[in-house]
Amino acid sequence: MTSINTSQGFIRALKATSDPPVQGGPLKIKIARQAWDNHSFYVPNKAEVIVEWIMGKFLKEKDKETTLNPLLDLRFWTLLHDVVSSSAMGLGVHMRPLKAWLPSLLTRIPLAPTLVYVTFLQNFLPHWLELVSLQGSDATLSDIIYDSGVETLFNLDVLRWTRDSRTENHLFEAITPVLTSNIEVFAVLPRLFSSYIDSIKKHRGALVSQSSTQAPGAAKTEIQTQGMQFFASCLLLLDADENLHQTWSARVALLKVVDREGLFERSNVEAAILLDRVLGQSLSKIDMKASTELSVFGVECLSTIARIDYDIIVPLLPRILPKLFMIPDPDILYLKFLGLILEYHSKTRTTNSYTQDLFSALSITSIHHSPGDIYLYALSSPLLNATHLQHLSKALQTFLGESQALSLTKSIFDILKEEWEKFNGAESDTEERSPKRRKTMDINTAGSTNPEHQSAVVFSVSARLAMTVFSSLPMRAVTEEVRDELRDLLNEIRTFLRRIVKRSMKALKRCDADKKWSLSIVSAASLRLCYTLDILGNIPEAPFDDGRLFKRALEAIQDEQLLPELLVELSRFLFCTSLARDSSSSQAAFNHILLYLEKNFKVSAVSWSGQVHRLTHSGQGEMECALGLMHMILERWLPVIESFASTEQLERLVNVIMSIDITPNPEPPPSGLQVQTLLLQTLHSAQFWELPKFRVTLLTYINHLISAPSDATTESSLELISKTVGAYSLLLMLPVEYLSRSSRSEFTRKALALDRQISASNMPTPSKYRPLVILRVFLNRIFTNPNGSDFPVEQLCEASEHFMSPTTLPLVLDEGLEATTMSLLESVFFETFKKSEKSSSALLLKIVCAFEKIDTQVTHQTLDVRSRSLIHMVAVLEREFKLNSLSDGVQSAMRKLYKNLSMAIYPQLSTFDPGTMPVELTRYTSLVTLWRSLLCFRKWLGSVAPTEDSSPSLAPQLVSRLLSWDGSSAVQDETRVAAVAALLEEFNFCPEKDRASYLNYVVAAFTHTHLSLRPSARQQAEGFLSKTCSKLSASEFSQLLDLITDDLKRNNSHVARIRLLQVSTNLLRNHPSGTLKQMQMFSSRYIQTFLGWRDLFDGPIELRLQTLEFVAHHCTEQPAVLRAGDMGSIWSLLTTFLAGSCVHDNDTTSQIFHNIINIVSALVRLRRDLVVPTLPHLGSVLRQLLMSVRTVRPNLGIKQTSLVTDTLPRWLNATHPIGVEEVKALARLLETLTAKSMVRNNTSNLETQKAESLSKPFSKHAAYVLKAYITAMNDPLCMLPSEHRKELHRGLYALCSMISDHSRDALMVGALDAGGKTTMKALWKDYEKQRYIGKG
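What counts as what
Residues numbered from 1 in each chain as written. Predicted model: local features only at pLDDT ≥ 70, side-chain atom pairs only at ≥ 80, totals over all residues. Heavy atoms only, no water. Helix = DSSP H or I, 4+ residues; strand = E, 2+ residues; numbered from the N terminus. Contact = heavy atoms within 4.5 Å. 1 Å grid on protein atoms, 1.4 Å probe; cavity = no way out; pocket = protein on both sides within 12 Å on 5 of 7 lines; lining within 4 Å. Points joined across faces, edges and corners; volume = space filled by probe spheres on them. Nonpolar A, V, L, I, M, F, W, Y, C, P; charged D, E, K, R; others polar. Axes fitted to C-alpha atoms, helices over the stretch in contact; angles between N-to-C directions. Parallel < 35°, antiparallel > 145°, perpendicular 65-115°, else oblique. Left-handed = near helix turned anticlockwise from the far one by under 90°. Phe/Tyr/Trp six-rings, centres within 6.5 Å; stacked < 30°, edge-to-face > 60°. Buried < 20%, exposed > 50% of the residue type's maximum accessible area, 1.4 Å probe, protein only. Core = buried A, V, L, I, M, F, W, Y, C linked by side-chain atoms within 4.5 Å. Expected span 1.5 Å × (residues − 1). Salt bridge = Lys/Arg side-chain N within 4 Å of Asp/Glu carboxyl O.

**Q** How should the overall build of the chain be read in this particular structure?
**A** Within the chain, the regular secondary structure consists of 59 helices and four strands. Long-range pairs, those at least 24 residues apart, make up 78% of the contacts in the chain with a sequence separation of at least 6.

**Q** Hey, could you run me through empty space enclosed by the protein in this one?
**A** Sizing a probe to match a water molecule and rolling it over the atoms shows the empty space that remains. Scanning all chains against the criterion turns up six cavities of 30 Å³ or more. The volume enclosed by the largest cavity comes to roughly 50 Å³. Forming the walls of the largest cavity are Leu984, Phe987, Leu999, Val1002, Val1003, Leu1025, Thr1028, Cys1029, Leu1032 and Leu1040. Contributing elements (two or more residues each) for the lining of the largest cavity: helix 44 (995–1012) and helix 45 (1015–1029). Residue composition of the lining of the largest cavity, by class: nine nonpolar, one polar and no charged.

**Q** Got a minute to help me understand the packing of helix 27 (residues 583–600) against helix 28 (residues 619–644) in this structure?
**A** Packed helices, taken two at a time, are described by the angle their axes make and the gap between the axes. At a closest axis distance of 10 Å, the pairing of helix 27 and helix 28 adopts a crossing angle of 150°. Relative to helix 28, helix 27 is oriented roughly antiparallel. Note on packing geometry: the crossing formed by helix 27 with helix 28 is left-handed. Judged by residue contacts, Ser583, Ser586, Gln587, Phe590, Ile593, Tyr596, Leu597 and Asn600 of helix 27 engage Glu622, Met623, Cys625, Ala626, Leu629, Met630, Ile633, Ile641 and Phe644 from helix 28. Here the contact of helix 27 with helix 28 is built from residues that sort into twelve nonpolar, four polar and one charged.

**Q** Please explain the packing of aromatic side chains as it appears in this structure.
**A** Here the distance between the centres and the angle between the planes together describe a pair of aromatic rings. Throughout the structure, instances matching the rule amount to 37 aromatic pairs. For the pair phenylalanine 1097 and phenylalanine 1137, a centre-to-centre distance of 4.9 Å together with 80° between the ring planes defines the contact as edge-to-face. With phenylalanine 1097 in the loop between helix 48 (1076–1092) and helix 49 (1101–1117) and phenylalanine 1137 in helix 50 (residues 1124–1138), the pair connects residues that are 40 residues apart, well separated along the chain. The same class applies to phenylalanine 1097 and to phenylalanine 1137, which are both buried.

**Q** Would you take a moment to explain the nonpolar core for this structure?
**A** As a rule of thumb, soluble globular proteins bury nonpolar side chains together. Leu1178 and Phe1258 are the most contacted members of the largest nonpolar core, which totals 427 residues. In terms of residues, this core owes the most to one element, helix 28, which gives 14 residues. Sequence-distant contacts of leucine 1178, that is, excluding residues within four places in its chain, are made with Trp1131, Val1160, Val1164, Val1171, Leu1233, Leu1254 and Phe1258.

**Q** What exactly am I supposed to notice about unusual backbone geometry here?
**A** Glycine aside, negative phi is the norm for most residues, and most peptide bonds take the trans geometry. In this model, aspartate 19 is joined to proline 20 through a cis peptide bond whose omega is 10°. Position of proline 20 relative to the elements: it lies in the loop between helix 1 (7–15) and helix 2 (28–37). You will see that asparagine 45, though not glycine, has its phi angle at about 50°, which is positive. Within the secondary structure layout, asparagine 45 lies in the loop between helix 2 and helix 3 (46–60). Positive phi values are uncommon outside glycine, yet arginine 349 reaches one of about 55°. Following the sequence through the fold, arginine 349 ends up in the loop between helix 17 (332–347) and helix 18 (351–368).

**Q** Can you help me understand helix 15 (residues 292–308) in this one?
**A** Given 3.6 residues per turn, any residue in an α-helix points the same way as the ones three and four places further on. In a regular helix each residue adds 1.5 Å, so 17 residues correspond to 24 Å; helix 15 covers 25 Å between its end C-alpha atoms and thus fits that length. Counted residue by residue, helix 15 has 14 buried out of 17 residues, so it is predominantly covered.

**Q** What's the story with the packing of helix 16 (residues 317–324) against helix 17 in this structure? I'm lost.
**A** In the contact formed by helix 16 and helix 17, the axes pass within 13 Å of each other and the chain directions differ by 140°. In terms of orientation, helix 16 and helix 17 fall into the oblique class. Every pair of crossing elements has a handedness; the one defined by helix 16 and helix 17 is left-handed. Mapping the contact onto sequence places Leu317, Ile320 and Leu324 in helix 16 and Tyr334, Phe337, Leu338, Ile341 and His345 in helix 17. Looking at side-chain class alone, the contact of helix 16 with helix 17 contains seven nonpolar, one polar and no charged residues.

**Q** Sorry, what's going on with the pattern of salt bridges here?
**A** This model, assessed by the stated rule, comprises 57 salt bridges. Aspartate 239 is the partner of arginine 277 in a salt bridge, and the nearest nitrogen-oxygen pair spans 2.4 Å. Residue arginine 277 is found in helix 14 (residues 269–285), and its partner aspartate 239 is found in the loop between helix 12 (218–238) and helix 13 (245–261); the two are separated by 38 residues along the sequence. Given the relative accessible area of 24%, aspartate 239 is considered partly exposed. One salt bridge connects glutamate 419 with lysine 422, and the closest N-O pair in it is separated by 3.8 Å. Here glutamate 419 and its partner lysine 422 are both found in helix 21 (residues 402–432), three residues apart, which amounts to about one turn of the helix. The exposure class assigned to glutamate 419 is buried, which follows from its relative accessible area of 5%. Judged by relative accessible area, which is 43%, lysine 422 ranks as partly exposed.

These figures come from the coordinates and say nothing about function on their own.
Now the structure itself:
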């Protein structure tokens, strides 16, 4: 120490006003470093003195520029680190412990957040950015890490320091190197931007001056300014490389944050400049030569800027639209952008200006691009996309004014005439040139800038736009005078177009290749626009039929070099004029079209986009053209063709159509129209089958195609079988009613013969599946149709024998084939028994005896065909027939069949082992199913005394063995369901003295098994229980309900309660007759049990939902069961569900809200007599429902948010508020209060009862329900979204209609503050406006 050698001198030097303290001497930081490094130099509390000086310097000089700011000087941080670390380790002498002085120092000098911030930027920011940018990482952990970093970067102290010291760029300076090394970090910038905005909004009270001298909105303006400054800094980082997808993705996300947070203000010039810069960058990327993804990002930026402020887009629209004309096959984002533009012009009623801009943009485009590119790209561009044109059409119909419609039509007419004159003039110039200078021209090679081609292209594309405009003119919305003027103008346009067609078709015959393309597209466009005007119906019909033109059109379609687009339009012209000509001329024209179809209509995987301008002269283009022609014929001109075509032509057309194979293709189909789709649409069309000549021709073709080959092994026979099955697949599309009686019989006979042949053939098993399914589905349709089959009983018996034979189903069984076969057998059994009641006993005996061949041994995986057939036959007999309708011989044979089968099955099931392997378990399951079917068969045959029955009860033994299972596989579930079904069926044969104990066992076994089943299996088991339950006596049903109620009370498992509630709901739905009293007692005990469950409202969501669904079913489907004593319990339950809670679920369960609405609505509509004595409870529930639709205002503090959320029910999470659909349901409930209805109870007589509503009784309570809405509207911490208010209005109007003037005035005076009165007045004013007062 040369100049400072005492402790006093050292302290004076540090506290000196200048730095260095002595002119020409060392700086203070150097003095402090020397003093610390010199251990022999003693200063009392040296560490404390140096740390206090450093932190004081940090605090005082934090606002200095970067080069002089000590916070950014490494020397200060190094010295601070050395002093603190040495003190912490106790290395210094005569030093107080660190904890004795550092905490108090940090309290006096609040630099901790700033220090952490700077340290984070210097050491940890790169790693933090890379970590939060990782894709696929743990979301929860990533969010925690991100939130910690954001709290460090954007806490209040840091925000204040960066604002006061103007050091915002330090963050971006630290981010820049990270972006250079890892481009994935660009994705973090929008998230940082959003967090920054949230932070400054959260701390706006501390960051923005709140003095009374501040102008209104100053705080918002300050936040917007700071936000746009951050946005500008982010853009500077993105401008480093404009060709990266990551930078453009981040740019779009940043703009979305600006839009979402409302940061842009028109008065902010710098912000406007920023968006203009982004706008220019985005426009530069929208180019047909640019990367498709970058182009999409560019248009997405434009869309976001349009949402921010459309006025920024308006000046650049003339530059944007020409670019969009050259974007082929647009992304959906282009259409969204155009939708925003169209929405703006619709709101400003300037759709005519936008339409004229489209035509102007087309003219600009034609200057800078070749005609071939324009024609190919413009007609595929987003501007001419079908979606955009539909929206444009709707906007023109809705918002186009009278004068606008007239001027727009004239303007388009002038454009068409101008382009035609240019084309005509260019054509004349071309004719004067030497033939040697002419070049060939095709759409694929149209790269020249020939004025003739340019005019032709502009005319064609303009005509396409004109089609949309002319078909969307608001003819019904204009005056008669303007309508007449528009009609005359459109008629003049049509005449002009017809002249063009005549002249073009004449010139087309003698022109060279160069001119042929331009003449073709002009002719096609004119024909298309002319047809549009013809079908509008707004102008007088004037058939466009000229003999010479018709002759030229016939000659043109025979030209193999004709442009496919023109071929399609000429074909439509010929069809359109065919009705006005003689049939021979129309047949001649149709004959040439058929020749083209027969040559080019291929059934290969060809698809067509529907865009005629893409049709080329290539082989693929000609196939697409043929597909387009076929589509046009089948969709529009088939009735016209039937009126003039000859039988031979119809047969040719059918042959072309039927060449399509509708076999399902496992590969995904290409986009566009496919031939298979076209045929299926046609066959499903009712209009198609209503064409008699065509239907007869088609059926004749199918009848000729269907045959029964004698051998199914040769290759030719297999091909014939495939064609025949294909014909039957076509018949599946045909309504059976269109088949004549003879045709049905013939097709059925051949189908049965072909089924027998395929079943007995040596074809590979998988190859049999589809043919057999098609044939049996067809047969099933015939047999299930009333009077569909005239088959005699003998042939029906033969058919049933065939389908029950072991060869009818392959060993490796297909599920679809099995289901189809069993369904067909049910139909055959029904037809057989229906036609042979009391007759044909021998045939029925033959069928019954066939079941004696059933194989009941456990040797196969599943039952044989006969066993499954027996199950379906028993189902048909039980459902459709009675035993006494059959002869005594058949009855005896059936009883014998039952006895033999039951005796064969019982020993096998009695030895069942629950540990059986899955393969054998499937067989045992099938046997149990057959056993249950035999029990049903026994019941249908009549009551058999237990002493006469050779088969004692078996199901209890099976169920008892299955109770030991712990698993729940699909096979085990099937076994459990089959055993429970058999158990329920055996209950029908239980002796009277044992029925009570047996029922106890049934309930215990069912409830235990029900817990182990999967959802689909549970539904099957519940179905069997419901079927048994509906046939119980009143005492047995009461016993069943008591058992389930006791089980529900004793069981504390949530899962068990849910399952019991499901079972109980099913029982009430399928109750026996005469059990009203039992149901009333059961439902009352259940509802009281719900109130006793303390954990119901905090338990699983499924339990809460099931509880409410039970009550809702009780109120909606069985309102007569309700009693006055139940109302208090129901209101208490609903009130508790709607009560506020300090704890909330992770997600909002909207179904709870709907269930409560359903319960209250059912009570109001169906049990008004029980609601009237409890109207205060109804009003309380309605108030709670209204208060639950509130939404918490954004950016509230924790305490403010909790003030609101604590009033919301547990199932409603404030982050996922009630939606619009729920509000609609609430509005309907409020309207129900005024709807008249009849009371549904067990004593009411609907014939003498008068329909009434709750309007009068509830009028005294309606005001307080309305007050809940007003309270929600005026709560400063809550808000009701505009869409919610809109949907609630009709319900609120219903409340207003109940309130008397006295009640309204009392509410205004005694219950509302100033804000409430204002809201009430506005609501009442709206109500008065819409109220019907009887004057109209």
